[in-house]
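Structural features, examined
Now for the letters of each chain:
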Amino acid sequence: MVKYVYDFSEGDKDMKDLLGGKGANLAEMTKLGLPVPPGFTISTDACRAYLDKGEVPDELATEVTKHLRNVEDTIGRRLGDPKDPLLVSVRSGAKFSMPGMMETVLNIGLNDESVDGLAEIAEDERFAWDSYRRLIQMFGKTVLGIEGDGFSDSLDELKEKRGVHYDHELTADDLKGLVETFKQIVKEETGRDFPQDPREQLDLGVEAVFRSWNTERAKIYRRRERIADDLGTAVNVQTMVFGNMGDTSGTGVCFTRDPSTGHSGVYGDYLMNAQGEDVVAGIRNTEALATLGDHDEKSYQELLGIMRKLETHYQDLCDIEFTIERGKLWMLQTRVGKRTAGAAFRVATQLVDEKLITKDEALERVTGEQLTNLMFPQFDTDADRKLLTRAMPASPGAAVGEIVLNNADAEAAAAAGRKCILVRRETNPEDLPGMVAAEGVLTARGGKTSHAAVVARGMGKTCVVGAESLVVDEEAKTITSGDITLNAGDIIALDGTTGEVFIGDVPVVDSVVTTYLMKGLEAGLAAAGDDEEMRELVESVDRILKHADSVRRLRVRANADTPEDSQNALEFGCEGIGLCRTEHMFLGTRRALIERVILSEEGSEERQSALDALERLQKGDFKKMLRVLDGKPMTVRLIDPPLHEFLPDMTDLQVRVEVAKATTGKPDPKDVKMLEAVRRMHESNPMLGLRGVRLGIYLPGLFALQIRALVQATAELKKEGADPRPEIMVPLVGSVRELGIIRAEAEKIIADETKDADVELDIQIGCMIELPRAAMTAEDLARESDFFSFGTNDLTQTVWGFSRDDVEGVFFPKYIEESIFGVSPFETIDQHGVGRVVREGVSRSRSTKPDIKLGVCGEHGGDPESIHFFHKTGLDYVSCSPFRVPVARLEAGRAAVMDEE
């Protein structure tokens, strides 16, 4: 029989697959002897069964009853008892943290009878009725699917009528009336009364959490965070403890270190006389945790001790939820906390220095995505800036965009290619689509633990919260701070590091981390100046990246086509060029020479003179790049695209010729000849047509001029005392005979030029693996090749049967929405399909040449997840764009240490 329910005493932190992150950590805290309200977890197995069949498993009700009775016996109260009721919360808890994306219901067990019992036991009538109105409001929204505006509008109307600002200023009688209003809303919206049976409330709450796994906001979040759709969520049923039982009670969220900066200290927010959703929703601006001792010194000191214990136990920054009920501290949740990119690096090195983790573990704690975020530009502090307001920095970065006040406008702006800033009074989970679309988020309410702050940090979005001077009027489409009013569509700039909000655009400059990565530690520290926080960050990134370099097996090269790109790549730490695209050298003013090659007859003097001119130009190009890369390899891909890409557009030519015929009767003979050539070269599917090695064989002399230019440049540099290390790479090979023809031609040119220059040259010749046939016959190709480089862009196209330029903007969004893709296969390698072809190519090539050098030069070479795959597959190097070289170095190191576990 399947077991679906587990007491908190039955699990531990390593059971996240079954109990979800929240349930596993509640079990771990129970195991540690911390004050955790009793409860139990309904497993992810139960959720998956529900999602599979569309109904709650029959066995679940009896298991829940058994575990509920255990809780009742432990607490000494009964669910539904009218005189001394047990109240419980029902909370979601997936394996991976999805803050605010799924449902929570508090105070389950209250009804028209037990509310009086609770008031009597608590000796606080206001508290009891406040708890009951919260239940109806949350239950109505999350379980019954009622739009939340009706509840919140009724609450706001009552506060306005009573002349109060905050919920806790309402009296017990006020709340009694509000309960009746809320119950009427339920009746009108659903056609039924609010359920009075506590067990029905519990069962419906559990099912609502199961359903919430597939809400639109949850799906969007999973797609963004690359969380699988088939994991399901656990459900945690826990005894309620109350932070809204008067001035000796409160609730809060804290971190063992600052999640924005990584600094040690006392960080968090709390509210006295409140429940948890008040803190997270940002409905009331919170107090800083450091002031909790002014209200309750005993609980504050106990909390500090627990924070230290949890950080030591988890060996990481912890995010903790707590409630104080009449002076008694309770722990409601802990998890390894989400943090900003800068905090991730600082915390990792701090924990190494404190001897809590090793350098390898520190490397695992940071990601390439976080390093990328640190490389984004920052606002120029020397520029003229007009301040709108200053608030709480919740997630760093520099974001500029037009003001939008709702999801629809944010998504519309993003779809039109316009950058935007989402401005809200406070955000809630329904705002996720707008947050995804926006460059940054600004809220008038909330603190560092509010929904906006937590979600933005997790997404790497710039965020500023708690701008109390800001009045957001969505109906009028304006925001006002003091005497300044801005309209939706106006431009603002957010500084997520300082919390400043500026009117208009603000220029940006390179980040301090980018300066360090390109110029070295000394330059990075100089750029940081007296900012100790930035100096610490630069030093932390330096330490972790150097450790990654020391442990990684994968070498990191760059894709670069110019000396300038090559220099940038070297400054970012590349170990050579893995892809130099030579076709880029034929553009601009050189296009005319290519046109002469195509239009002239084979063997003609005109064609040869054009080839000779191109050869001289290419030799100069190669010589400049080889000089920059002195002592490092440079893999030169022979011309790859179809020749029609270098020719005029056929439609434009046709129009020009026809117009000339109609007006003068004499079109330009050159245009006529060119049109004939373009028509002759036209292909219905050029990416699978005459290109790559096929072009080199079809058009004699084209590959030869490139090879000769490269060899001559190498020989000249060698004579000058330099150390050029070129490699020749043949594109789009599908047959060993194709490769053999080009290799023989290249070897003859190398031998002839070596003899003429009287120098010794060692130039490797290899090919790209871009076609499934190449991978499946790699054992044959290896006989004619010194190295392979997997061109995963084209390999993805040919394995899937996609034309990338045609499909990405057409049906890919629908495929991602329908979970056919978790992410575009051009962004992260499709390990199950394309990856299998790569593995086959590796295995077959090494069956012929065990030591053959293998690399990858597609866009995937800079993608963190793909880099881990390439490490496991046994490639020797990855090659990526210059900007992604530091990311590749870091992820190659992470792949090495994680592979050893």
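Preceding this section is the structure that the text describes.
As a further point, take the environment of Thr248. For Thr248, the position within the fold is in the loop between β7 (233-239) and β8 (250-257). For Thr248, a relative accessible area of 47% puts it in the partly exposed group. With 72 residues separating them in the primary sequence, Thr248 and Ile320 have C-alpha atoms 20 Å apart. In contact with Thr248, other than residues within four places in its own chain, are Met272, Ile324, Glu325, Arg326 and Gly327.

Now for the pairing of strand β16 (residues 398-404). With respect to burial, β16 is a largely interior element, six of its seven residues being buried. Bridge count between β16 and strand β23 (residues 491-495): five bridges; the pairing is antiparallel. Of the residues in β23, the one forming a bridge with Val400 is Ala493. Once you follow β16 into helix α16 (residues 407-415) and on to strand β17 (residues 420-424), the crossover reads as right-handed.

Over its 19 residues, helix α7 (residues 172-190) runs 27 Å from end to end, which matches the ideal 27 Å to within 8%, given 1.5 Å per residue. Of the residues making up α7, those classed as buried are Ala172, Asp174, Leu175, Leu178, Val179, Phe182, Lys183, Ile185 and Val186. Buried residues along α7 sit in contact with α5 (125-142) and α6 (149-162).

Applying the stated rule across the entire model yields zero disulfides. Not engaged in a disulfide, the cysteine Cys318 finds its nearest cysteine sulfur in Cys254; these two sulfurs lie 9.5 Å apart. Exposure remark for Cys318: the relative accessible area of 0% places this residue in the buried category. Free of any disulfide, Cys463 has its nearest cysteine sulfur in Cys420, 14 Å distant.

On to the sheet that holds β23, then. Within the open sheet, the eight strands sit side by side as β14-β24-β23-β16-β17-β18-β19-β15. Their pairing is mixed. Both edges of this open sheet fall to β14 (386-390) and β15 (392-395), since each of them pairs with a single strand only. Taking each pair of neighbouring strands and ignoring which way they run, the sheet shows an average axis angle of 30°. Across four bridges, β23 lies against strand β24 (residues 500-503) in antiparallel orientation. Across the sheet, Ala493 pairs through a bridge with Phe502, a residue of β24.

The subject of this paragraph is the nonpolar core. Grouped together as the largest cluster of nonpolar side chains are 131 residues, with contacts concentrated most on Phe345, Met634, Val730, Phe788 and Leu890. No other element matches helix α28 (residues 702-719), which puts eleven residues into this core. Apart from the residues lying within four places of it in its own chain, the contact partners of Val730 are Leu638, Val693, Phe703, Leu739, Ile742, Gly766, Cys767 and Met768. Ranked by size, the runner-up nonpolar core spans 56 residues in total, among them Tyr4, Trp129, Met138 and Met245.

For the rest of this paragraph, the subject is helix α32 (residues 792-800). Residues of α32 that are buried include every one of Thr792, Asp794, Leu795, Thr796 and Gln797, and no others. In the stretch just after α32, Gly801 is the one whose phi turns positive, near 75°.

Let us now look at the packing of helix α4 (residues 114-122) against α5. Put simply, α4 and α5 touch, their axes get as near as 7 Å, and they point 145° apart. For the pair α4 and α5, the sense of crossing is right-handed. In contact with Val115, Asp116, Leu118, Ala119 and Ala122 of α4, α5 contributes Glu125, Phe127, Ala128, Trp129, Ser131 and Tyr132. Of the residues in the contact of α4 with α5, the class split is eight nonpolar, one polar and two charged.

Positive phi, close to 60°, is recorded for Arg226, a residue that is not glycine. The phi dihedral of Gln315 is positive, around 55°, even though this residue is not glycine. Along the chain, Gln315 falls in the loop between α12 (297-314) and β11 (318-325). Gln315 sits in the partly exposed class, given a relative accessible area of 29%.

About the criteria used
- Residues numbered from 1 in each chain as written.
- Predicted model: local features only at pLDDT ≥ 70, side-chain atom pairs only at ≥ 80, totals over all residues.
- Heavy atoms only, no water.
- Helix = DSSP H or I, 4+ residues; strand = E, 2+ residues; numbered from the N terminus.
- Buried < 20%, exposed > 50% of the residue type's maximum accessible area, 1.4 Å probe, protein only.
- Contact = heavy atoms within 4.5 Å.
- Pairing = 2+ DSSP bridges.
- Right-handed = clockwise from strand over helix to strand, strands pointing away.
- Expected span 1.5 Å × (residues − 1).
- Disulfide = S-S within 2.5 Å.
- Axes fitted to C-alpha atoms, helices over the stretch in contact; angles between N-to-C directions.
- Core = buried A, V, L, I, M, F, W, Y, C linked by side-chain atoms within 4.5 Å.
- Left-handed = near helix turned anticlockwise from the far one by under 90°.
- Nonpolar A, V, L, I, M, F, W, Y, C, P; charged D, E, K, R; others polar.

Don't take any of this as a statement about function, it's just geometry.
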